[in-house]
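Single-letter residue listing:
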Amino acid sequence: MSGALVADRITKTFAVSRGGTTRELRAVNDVSLAVAPGEIVGLVGESGCGKTTLSRIMIGIETATAGAITYDGRPVRTRAEWRALRRSVQSVFQDPFTALCPTMRIGDALAEPLAIHGICPPAERKERVSRMLEMVGLHPDMARRLPNQLSGGQRQRVNLARALMLEPKVLICDEIVSGLDVSVQAQVLALLIALQEGLGLSLVFISHDLRVVRYLCTRVVVMYMGEVVEQGDVEAVFDHPQHAYTRSLLAAIPDHSRLSAGATT
Ligand SMILES: Nc1ncnc2c1ncn2[C@@H]1O[C@H](COP(=O)(O)OP(=O)(O)OP(=O)(O)O)[C@@H](O)[C@H]1O
Ligand SMILES: [Mg+2]
């Protein structure tokens, strides 16, 4: 399928040492996840269940112990294949403070991916940076600022803008709205929806906020202790959870009855 990103039976183990002995920690165990073009997939589960590890493997920051990543129906294995994938699959991680180099102006940070991939003539980069800043709702003058001269919400928009500079087909968002105040969260979510609709972008949306997942995503994948325990259409999973862990996850939401009755806010 064109533009489909697939994690096929991914396992990841880490060697962790404790008290002088080394043991194997299985962070991700035989997990498969497929993202179709234009789809918004939520990835949920308690802290430490392997969501970030899986997403890092899907963009090649981490290597899988077993399993394969395919993009556009082709396996991604060699350095050149991973490099090509990183033009089409981008990620934004939680912390908008550490993701940007503190001494690099926003404009240079946004132009950098273009320079790395050599895909836009230098004379045209400034214009492209301005357009992207406007697209994420920031004034083009922001290009002259340093990261510490922006608010948290503005920084998260810059991170999104940076990820979008290469016009990716898939965007992996790992907890990108947690830590932002509710009105900024709503703006960033509205922006994601506009991007998905306008650019046909696929999203993998990792979040602890199940209300946001229900609102934004079409499909949801539930992980528990390194494994996928349930997945399906967001309404089906939230209204009729099959697995005990999904039920306990949903029950932990204070106003769960409203959520499962189909409320979206
Ligand atoms: N580099 C590493 N070395 C050793 N263990 C690691 C490493 N990275 C992750 N882990 C472990 O793998 C497990 C999964 O971590 P991961 O960050 O994927 O969880 P998560 O689902 O993203 O959690 P959270 O919701 O808190 O972000 C955890 O037990 C974590 O401690
Ligand atoms: Mg994480």
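Please refer to the structure higher up on the page.
Draft legend 1. Quick look at helix H5 (residues 152-164). The terminal C-alpha atoms of H5, which comprises 13 residues, lie 18 Å apart, in line with the 18 Å expected from a rise of 1.5 Å per residue. Most of H5 is tucked away, with 11 of its 13 residues classed as buried. All buried positions along H5 are accounted for by Gly 152, Gly 153, Arg 155, Gln 156, Arg 157, Val 158, Asn 159, Leu 160, Ala 161, Ala 163 and Leu 164. On the buried face of H5, the contacting elements are strand E6 (89-92), helix H3 (106-117), helix H4 (122-135), strand E7 (170-174) and helix H6 (182-199).

Draft legend 2. How the structure looks around the pattern of salt bridges. Across all of its chains, the model carries 8 salt bridges by this definition. Put simply, Arg 26 and Glu 24 hold a salt bridge, and the shortest N to O gap is 3.6 Å. Owing to a relative accessible area of 44%, Arg 26 belongs among the partly exposed residues under this scheme. Among the residues examined, Glu 24 registers a relative accessible area of 51% and is labelled exposed. With a closest N to O distance of 3.9 Å, Glu 167 and Arg 128 form a salt bridge. In this pair, Glu 167 sits in the loop between H5 and E7 while Arg 128 sits in helix H4, placing the two residues 39 residues apart along the sequence.

Draft legend 3. Focus on the sheet that holds strand E2 (residues 21-35). Reading across from one edge, E2-E1-E4-E5 is the order of the 4 strands in this open sheet, with antiparallel pairing throughout. With one partner strand each, in any of the chains shown, E2 and strand E5 (74-75) form the two edges of the open sheet. Relative to E2, strand E1 (residues 5-18) runs antiparallel, the two sharing 11 bridges. Bridged to Ser 17 within E2 is Thr 22. Docked against the sheet, helix H1 (residues 51-58) engages E1, E2 and strand E4 (66-71), running at close to 120 degrees with respect to E1.

Draft legend 4. Focus on the site of ligand 1. The local shell around ligand 1 holds 13 residues, among which Ser 47, Gly 48, Lys 51, Thr 53 and His 208 are the closest. Lys 51 is positioned such that a nitrogen or oxygen atom in its side chain is 2.7 Å from an oxygen atom of ligand 1. A distance of 2.6 Å separates an oxygen atom of ligand 1 from a polar side-chain atom of Thr 53. Ranked by the residues each element gives to the shell around ligand 1, the list is headed by H1, at 3 residues.

Draft legend 5. Spatial organisation of the nonpolar core. Leu 171, Leu 192 and Phe 205 are the most contacted members of the largest nonpolar core, which has 53 residues in total. In terms of residue count, H6 provides more of this core than any other element does, 6 residues in total. Excluding its chain neighbours within four sequence positions, the residues that come into contact with Leu 171 are Gln 90, Ser 91, Val 92, Leu 160, Ala 163, Leu 164, Leu 192, Leu 201, Ser 202, Leu 203 and Val 204. Membership of the second largest hydrophobic core comes to 27 residues, among which are Ile 10, Ala 27, Val 76 and Val 89.

Draft legend 6. Structural detail: the side chain of His 117. Relative to the elements of secondary structure, His 117 occurs in helix H3. What makes His 117 buried here is its relative accessible area of 18%. The contacts of His 117, once residues within four sequence positions are left out, are Arg 83, Arg 87 and Leu 166.

Draft legend 7. View of the environment of Thr 103. Residue position: Thr 103 is located in the loop between E6 and H3. Along the chain, Thr 103 and Pro 147 lie 44 residues apart, while their C-alpha atoms are 7.8 Å from each other.

Draft legend 8. Representation of the sheet that holds strand E9 (residues 219-224) within the structure. Read from one edge of the open sheet, 6 strands run E6-E7-E8-E3-E9-E10, paired in mixed fashion. Two strands bound the open sheet, and with one partner strand each, they are E6 and strand E10 (227-233). Averaged over all adjacent pairs, the angle separating strand axes in this sheet is 15 degrees, with direction ignored. Both E9 and E10 contribute to a ladder of 6 bridges, which runs antiparallel. Pairing of Tyr 224 across the sheet is with Glu 227, part of E10. This element, H6, spans strand E3 (40-44), E7 and strand E8 (202-206) of the sheet and lies at about 155 degrees to E8.

Draft legend 9. Representation of helix H2 (residues 79-88). Those residues of H2 lying buried are Trp 82, Leu 85 and Ser 88. Down the axis of H2, the buried side of the element spans an arc of 110 degrees, and every buried residue falls inside it. Opposite the buried face of H2, at more than 90 degrees from it, the exposed residues are Arg 79 and Ala 80. The elements touched by buried residues of H2 are E1, H1, E4, E6 and E7.

Rules used throughout
- Residues numbered from 1 in each chain as written.
- Chains lettered and ligands numbered in written order.
- Predicted model: local features only at pLDDT ≥ 70, side-chain atom pairs only at ≥ 80, totals over all residues.
- Heavy atoms only, no water.
- Helix = DSSP H or I, 4+ residues; strand = E, 2+ residues; numbered from the N terminus.
- Expected span 1.5 Å × (residues − 1).
- Buried < 20%, exposed > 50% of the residue type's maximum accessible area, 1.4 Å probe, protein only.
- Contact = heavy atoms within 4.5 Å.
- Salt bridge = Lys/Arg side-chain N within 4 Å of Asp/Glu carboxyl O.
- Pairing = 2+ DSSP bridges.
- Axes fitted to C-alpha atoms, helices over the stretch in contact; angles between N-to-C directions.
- Near = heavy atom within 4 Å.
- Polar contact = N/O pair within 3.5 Å; in protein donor to acceptor, adjacent residues only side chain to side chain.
- Core = buried A, V, L, I, M, F, W, Y, C linked by side-chain atoms within 4.5 Å.
- Arc of directions from axis to C-beta.

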